[in-house]
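Examining the three-dimensional arrangement
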Amino acid sequence: MQTTLKNTGSNDLGKPVQQYRGLLTKLRAKKHWPTLLLVMLLSLSAAAQAQTGNPVVDHLLEEYQSQGATNFSAANGGRLWEQSVEHSKAPTARSCTQCHGNDIRQSGKHIRTKRVITPLAPSTNPERLTREKKIRKWLKRNCKWTLGRECSAQEKGDLLLWIQTQ
Ligand code: HEC
């Protein structure tokens, strides 16, 4: 029983689980076993929501879910990635591929500066999707540039899941 509790504690599963952990400690102190068991089952199902094995991405996905996003779809993320979007701020349609390419396991090239952008796929570029601040910054900026608006929580999750699985 104690080992299980310790394992749960060492996982970085975000705020909801931290709350469970606090609750677990209290219940254990009170020897409230049936409730304790229930709470542990609930925290296991929270752990099962971790979707990608990348703790940074999983943490963001949890956050997007708390903002109303439902199940994430890499397929939808891939479609959004390729989609050309006309919007008022640009004379020609824009898409994520214009700077990063269709195959993100390969380098891209910035459409305006012509600078090389190293591959976005973590499978060929392990530094990708490892820094939350960087992901937030660029998703915000690139969604605005490409779609003419910020991405919704659902779209951000779909895109991240797609990128993570390339
Ligand atoms: C106008 C060019 C451009 C477009 C279009 C573009 N990006 Fe980017 N993107 C960049 C640049 C520049 C960086 C930062 C440089 C780098 O990390 O190599 C970046 C970085 C990122 C990162 C950071 C990844 C990490 O962990 O390092 C993500 C995520 C990302 N882009 C997603 C997208 C998505 C999704 C779209 C489409 C909605 C998109 N980008 C469209 C230029 C672009």
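The paragraphs below set out a description of the structure included in this document.

Parameters at a glance
- Residues numbered from 1 in each chain as written.
- Predicted model: local features only at pLDDT ≥ 70, side-chain atom pairs only at ≥ 80, totals over all residues.
- Near = placed C-beta within 6 Å.
- Helix = DSSP H or I, 4+ residues; strand = E, 2+ residues; numbered from the N terminus.
- Nonpolar A, V, L, I, M, F, W, Y, C, P; charged D, E, K, R; others polar.
- Expected span 1.5 Å × (residues − 1).
- Buried ≥ 20, exposed ≤ 12 C-beta atoms within 10 Å, placed from the backbone.
- Contact = placed C-beta atoms within 7 Å.

Section: the site of the ligand
What surrounds the ligand is a group of 20 residues, the closest being Cys96, Cys99, Trp138, Asn142 and Thr146. Among the secondary structure elements, those contributing two or more residues to the shell around the ligand are helix H6 (97-100) and helix H7 (132-147). In terms of residues, the shell around the ligand owes the most to one element, H7, which gives eight residues. Split by residue class, the shell around the ligand holds twelve nonpolar, six polar and two charged.

With respect to helix H8 (residues 153-164)
With twelve residues, H8 extends 16 Å from end C-alpha to end C-alpha; this agrees with the ideal 16 Å at 1.5 Å per step. Taken across its twelve residues, H8 has eleven buried, putting it largely inside the fold. Those residues of H8 lying buried are Gln154, Glu155, Lys156, Gly157, Asp158, Leu159, Leu160, Leu161, Trp162, Ile163 and Gln164. In the core, the buried residues of H8 are packed alongside helix H4 (55-66), helix H5 (74-82) and H7.

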